[in-house]
Structures are given as structure tokens and as C-alpha cells.
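# Structural description and commentary
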Amino acid sequence: MKDFEVCSWNEWDPLETVIVGRATGARLPNEDPSLRAINYAGMKNTDPIPSGPYPTHVIEESEEDLSALCAALKGLGVTVLRPDPIDLSAEYATRHWRSSGYYSYCPRDSVLVHGNKIIECPMPLRARYFETESMKSTFLNAMKQGAAWISAPKPLLLDESYRTQNISKDNLTLLESEPCFDAANVLRCGRDLFYLVSNSGNRLGAHWLQNLLGHEFQVHVLEKIYSYMHIDSTISFLRPGLVLLNPSRLRPDNLPAPLKNWDVIWCPEPIDIGHAKGYCNASTWIGMNLLMVRPDLAIVEKSQGPLIRALEQKGIEVLPLSLRHARTLGGSFHCVTLDLKRKGVLDSYF
């Protein structure tokens, strides 16, 4: 593997090195309290949950789309790495529970890169406990080149870590028994990081992250905005002073204080790309889940015409690509990538 350095402070500086996920082997794990509380909080406890491998056509078409993304990024001069293939069907256990794997499709979910730090996050879903195994060889190589490779304390993920009664998308289901969060609950903006408290990230997780990063950085804890999962279909940083916001979750009166002086694009109603029958892991707002290649170039799902025009009006060129099963698998271009190096320096934007 080619040697490379890790350094990425924000979501928009020119992209130099990135991991692009894999759809191969993606599956839904067997039901357990974590899966029910986090991924299916909007369903009744008696509603059936699918399990087992995703349909073959979903995997094959997603791999085609990810390969096209890799080719496009390489054409822009970006170094592209991929997760190693692993057996996601293999069962594993702790002293408290058993599970099997999920997928390697969304590397952004499990790992937070900030500066030269690679932070493996304490994910609350049991099926994702060992998900970063597919990127260990990349992280080992990066560590040899000077990256600080850190793994958060592994959570116990006991049954009592989750709300099991009266669960809904508007009622937090991840409790405060131990630090837990997906990396996708966090957006980076230099010295400021924005952390969404939701079913996939609790307040203790934000506390742990603030302690780790120290007083030089500020972790802004966002609450009562969107309780379901992740932040990158609610807020997308485009460049210093410009942010894309989801108008179904944010309004001028609940806008995070640091963003009140920024220019805002209120995301147009997204075009629904649909999902495989019985497999819906993202709302239509996954359409605003974009990847900034540099401050004037975004990769956006090609069906999102209104969003593309809104970005172009702000001087952002758009490279339209396809991720046909973004809603089925639960991730679009920001989710399926993990930037390891962007050409830029640490700065404060507020």
C-alpha cells in the first residue's frame, strides 16, 4: 500500500486521500435490542424486521455505482482506498450478547478523522462492533506515517443501554449508561465540531470526545433537532461561511448559534429515488448527503436537480453521480466516503 499522511480538519478543503466503502457482503443482522432501538425506532416492537443478505441486485448495482465514484475521484487526482473484504456473516460474541456483522458500505459511520487523529468511535449498534476491522490495514499504514490511531473504549451495549418501551423517532432510544456514538453524528469545522445527540449518539459520547480533543477545540452539542440517526442529512458544510440545511428539521429559531451568521442554502425538497421493497434505511433527505471535493466542487446524487441548481447558484460546480440504493442501504456520498487527507490547515471559522 502506498504511504500517505492523514490530515483532515473540515468537510470542504481539497480532497487528497479517501476511503470509499464496499457494498459486497452487506447484510442485515438478526434482531436484538440495539437494532430495534436504533435502526427501527419508528416501528412497533411487534413489527417484523428483515435480516440476512441484501438482495443480489442491490449489491451488484451499488458496487457499480461505487466503482464509478472511485473512477471519478481518481480522475480528479484523489487517491482512493477501499476497505478490505471481510466475512460479515461471521458470528461473534462478548460476555453479554452475540451478533454478526452489517456492512462496510459506510466508512464515515464508524471512524472520525480530525487533524492527524483516526478515531474509531464507540458505535451503539452491536452488529457494528468490529466494523473497522475492514480498514485496519489502512490505519496501520497511516500510523506508521505519523497518524494518531485511537480507539474509543468499547461499550458494553447491555440491554439496559436502550429504551425498549414507547420508542419512536421522536423519543431518544439510546440511553446515557456509557459513551456511545457513530462518527456520522459529528461534522468537523476546524476548531469547532458539531455533535448531534440522537439514537446513534448520546451526551456521554460528546463528553468523551470533548475530553479527548481538549480545550483547543469546541464540541457543540446539538439537541432536540433530529432524534433518529446521524447529522449529515441535516447539516452539510460547503465552504467557510456557507452551509446547506434541512428545512424539515432546522429553522431560524433552532439554528445552532455558531451558524446564525453564516449564509444558508435551505435544501429544496429532495427527489425520492426509491428503495428496494422491504428495505428502507434512510429518508428522502439522504438526497442532501453530498461530498465536497473542494470548496467549489460537490459530488451530488444526479437525480437531485433542485439541489444541484441551488448549489450552482452559489458558485459550486456539481459532479452528478448515481447511488441507486442510497435509501436501501442507508448512505449516500458523504456516508460512503471517509476523507483521510485534505489540503488545508487548522483554522477557526466562527
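That block above? That's the structure.
Predicted, not measured: the structure shown is a model, and the values here were computed from it. (Residues numbered from 1 in each chain as written. Predicted model: local features only at pLDDT ≥ 70, side-chain atom pairs only at ≥ 80, totals over all residues. Heavy atoms only, no water.)

For the rest of this paragraph, the subject is the pairing of strand β13 (residues 235–239). The element β13 is extensively covered by neighbouring structure, given that 4 of its 5 residues are classed as buried. Pairing between β13 and strand β14 (residues 242–245): 4 bridges, direction antiparallel. Looking at the pairing, Arg239 lines up with Leu242 of β14. Between β13 and β14, which pair antiparallel in sequence order, lie 2 residues; one of them, Gly241, sits at a positive phi of approximately 90°. (Buried < 20%, exposed > 50% of the residue type's maximum accessible area, 1.4 Å probe, protein only. Helix = DSSP H or I, 4+ residues; strand = E, 2+ residues; numbered from the N terminus. Pairing = 2+ DSSP bridges.)

Time to look at the nonpolar core. Formed by 51 residues in total, the largest nonpolar core has its most connected members in Tyr54, Leu73, Tyr103 and Tyr105. Of all the secondary structure elements, the ones that give two or more residues to this core are β1 (15–20), α1 (33–38), α2 (56–75), β16 (291–294), β17 (297–301) and α7 (326–329). Examining the composition of this core, we find that 7 residues originate from one element, α2, more than from any other. If we skip the residues at most four places from it in the chain, Tyr105 touches Gly21, Arg22, Ala23, Leu66, Leu323, His325, Ala326, Leu329, Gly331, Cys335 and Val336. Counting 38 residues, the second-largest nonpolar core is a separate cluster that includes Ile235, Leu259, Trp285 and Val300. (Core = buried A, V, L, I, M, F, W, Y, C linked by side-chain atoms within 4.5 Å. Contact = heavy atoms within 4.5 Å.)

As a further point, take the pairing of strand β18 (residues 317–321). Here 5 bridges tie β17 to β18, and the two strands are oriented parallel to one another. Paired with Leu297 across the two strands is Glu317, which belongs to β18. For the handedness criterion, the β-α-β arrangement of β17, helix α6 (residues 305–313) and β18 is classed as right-handed. (Right-handed = clockwise from strand over helix to strand, strands pointing away.)

Time to look at the pattern of salt bridges. Under the counting rule described, the total for this entry stands at 24 salt bridges. Note that Arg126 and Asp159 form a salt bridge whose closest N and O atoms lie 2.7 Å from each other. Here Arg126 is found in the loop between β8 (117–120) and α4 (136–144), whereas its partner Asp159 is found in the loop between β9 (148–151) and β10 (186–189), with 33 residues between them in sequence. Classification of Arg126 by relative accessible area gives buried; the value is 3%. Salt bridges sharing common partners tie together Glu11, Arg108, Arg188, Asp339 and Arg342. (Salt bridge = Lys/Arg side-chain N within 4 Å of Asp/Glu carboxyl O.)

This brings us to the layout of surface pockets. What the second largest pocket holds in volume is close to 160 Å³. In terms of lining residues, the second largest pocket is bounded by 15 residues, among which Ile86, Asp87, Tyr92, Phe130 and Glu133 are the most central. For the lining of the second largest pocket, the per-class residue count stands at 9 nonpolar, 1 polar and 5 charged. (1 Å grid on protein atoms, 1.4 Å probe; cavity = no way out; pocket = protein on both sides within 12 Å on 5 of 7 lines; lining within 4 Å. Points joined across faces, edges and corners; volume = space filled by probe spheres on them. Nonpolar A, V, L, I, M, F, W, Y, C, P; charged D, E, K, R; others polar.)

This paragraph deals with the sheet that holds β18. The 3 strands are arranged β16-β17-β18 in an open sheet whose pairing can be described as mixed. At either margin of the open sheet sits one strand with a lone partner, and together these are β16 and β18. The mean inter-strand angle of the sheet, taken between neighbouring strand axes irrespective of direction, is 30°. Relative to β17, β16 runs antiparallel, the two being bridged by 3 bridges. Note that in β17 the partner of Arg294 across the bridge is Leu297. Across the sheet, α2 touches β16, β17 and β18, and the angle it forms with β18 is around 150°. Against the sheet, α6 makes contact with β17 and β18, and its axis sits at roughly 170° relative to β17, the strand it touches most. (Axes fitted to C-alpha atoms, helices over the stretch in contact; angles between N-to-C directions.)

Per the counting criterion, the structure on display carries 4 cavities of 30 Å³ or more. The volume enclosed by the largest cavity comes to roughly 110 Å³. Along the walls of the largest cavity sit 14 residues, with Cys121, Pro122, Met123, Tyr129 and Lys154 positioned nearest its centre.

With respect to the secondary-structure elements, Leu250 resides in the loop between β14 and β15 (263–266). Between the alpha carbons of Leu250 and Asn10 there is a distance of 21 Å; along the sequence they are 240 residues apart. Beyond its immediate sequence surroundings of up to four residues, Leu250 is in contact with Ile225, Thr234, Ile235, Leu245, Pro256 and Trp266.

A separate point is α4. Every α-helix winds through 3.6 residues per turn, so residues three or four apart in the chain are directed the same way. By the burial criterion, the buried members of α4 are Thr138, Phe139, Asn141 and Ala142. Here the buried residues of α4 occupy an arc of 160° about the axis, which is enough to place them on one side. Residues of α4 that are buried in the fold lie against β1, β4 (79–81), β7 (111–114), β8, β9 and β19 (337–342). Note on α4: the residue one or two positions beyond its end, Gly146, has a positive phi of about 115°. (Arc of directions from axis to C-beta.)

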